[in-house]
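What follows is the residue order along each chain.
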Amino acid sequence: MKKIGVLTSGGDAPGMNAAIRAVVRYGIYHHISIVGIHNGFKGLVEGDYTEMNLSSVADIIHRGGTVLGSARSKEFMEEEGLKKALRNMKYLGIEGLVVIGGDGSFRGSLELEKAGIPTVSIPGTIDNDLAYTKYTLGFFTALSTVLESVEKIRDTSSSHGRTNVIEVMGRNCGDIALYAGLAGGAEMVIIPEIEYNIDEVCDKIMQGRTRGKKHSIIILAEGAADAKEISKEIEEKTGIITRYSVLGYTQRGGTPSAYDRLIGSQMGAMAVKLLSNNQRKRVVGVTETGIFDMDLEEALSIEKTFDKTIYELTKILSI
Ligand code: F6P
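A brief structural summary.

Reading guide: rules and limits
Residues numbered from 1 in each chain as written. Predicted model: local features only at pLDDT ≥ 70, side-chain atom pairs only at ≥ 80, totals over all residues. Heavy atoms only, no water. Axes fitted to C-alpha atoms, helices over the stretch in contact; angles between N-to-C directions. Helix = DSSP H or I, 4+ residues; strand = E, 2+ residues; numbered from the N terminus. Parallel < 35°, antiparallel > 145°, perpendicular 65-115°, else oblique. Left-handed = near helix turned anticlockwise from the far one by under 90°. Contact = heavy atoms within 4.5 Å. Nonpolar A, V, L, I, M, F, W, Y, C, P; charged D, E, K, R; others polar. Near = heavy atom within 4 Å. Polar contact = N/O pair within 3.5 Å; in protein donor to acceptor, adjacent residues only side chain to side chain. Areas by Shrake-Rupley, 256 points an atom, 1.4 Å probe, with all protein chains shown as cover. Domains from an automatic or database assignment.

1. What about the packing of helix 5 (residues 139-160) against helix 6 (residues 175-183)?
Closest axis-to-axis distance for the helix 5/helix 6 pair is 10 Å, and the angle between their directions is 50°. Taken together, helix 5 and helix 6 sit at an angle that is classed as oblique. Here helix 5 runs over helix 6; the crossing is right-handed. Contacts between helix 5 and helix 6 involve F139, L143, V146 and L147 from the first element and D175, I176, Y179, A180 and A183 from the second. Considering only residue class, the contact of helix 5 with helix 6 consists of eight nonpolar, no polar and one charged.

In structure tokens form, the structure reads like this:
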């Protein structure tokens, strides 16, 4: 393979730049030209690209976001858009593509595969909602960002003796809330995977107060309930002033953690290696023991589960 394209798609995630850098540098080292596609599949449809060189990726490994830009493209998923993308790839001589993104982006890879383009996909999303991989690129950075906010909010929660509900991202996946709950010492986490019981949440808050706790932190996943409504309900039932904060896009930005830079670099290099070895329709993932690859369709067919032990432990430790 002489020329490979790389794009980032869907919500940006810290660590994407480390992966782009690795694709470019590992490719050039192995005499493969790399084309950077701007703004995800949208750029593929519009023919918006840059021929990358070693300096194109200088000074980016420590930066959040994605230097290639990202988007969610409806046009690409339509027949005409896909045709345009294929024409552009042919014109540019792109023989294979590295796609960095989430579930929706992986489905874009599948469309390209069906049209005969070899792809390797890298899991880049803060949500950690791809079942085949233990962690996704950006998840741990987002988690650290959430924890910084939790600690700040805890100060004011203690000072005023209030309950604070903190809403975090994750779409339909509760992992950010789940892990932040344990690592942040929350009283309770509310996630889409488990139906919550408002009385149980309030009992937990009251139990803490009886024991002399000054603060109560409830971490809420965006896919589980509405922060404003749930806060009102908690305040009415407990009689304790309850405020809510929606952390929003702060979670998507910022300096990538060491872990996200490490796995981003390894995943980027592995993606190029797979394509240059004529492997296709692959995804790259990570377990505790390291980086691995597997079939794209198989990866997409695995159903995401959540770690109930983390949920239970959070409840036990916040006694
Ligand atoms: O997938 C990442 C994510 O930040 C989700 O947690 C969130 O629900 C969604 O993207 C928001 O997407 P957008 O920025 O396109 O509105």
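So that's the structure; there's more coming.
2. Details of the site of the ligand
Around the ligand lies a shell formed by R72, T125, D127, M169, G170, R171, E222, Y249 and R252. R72 places a polar side-chain atom, nitrogen or oxygen, 2.9 Å from an oxygen atom of the ligand. A distance of 2.8 Å separates an oxygen atom of the ligand from a polar side-chain atom of R252. Burial of the ligand by the protein chains amounts to 75% of its free accessible area of 400 Å². Looking at the shell around the ligand residue by residue, the classes come out as two nonpolar, two polar and five charged. Looking at which domains feed residues into the shell around the ligand, each of domain 1 (3-138 + 256-301) and domain 2 (141-252) gives three or more.

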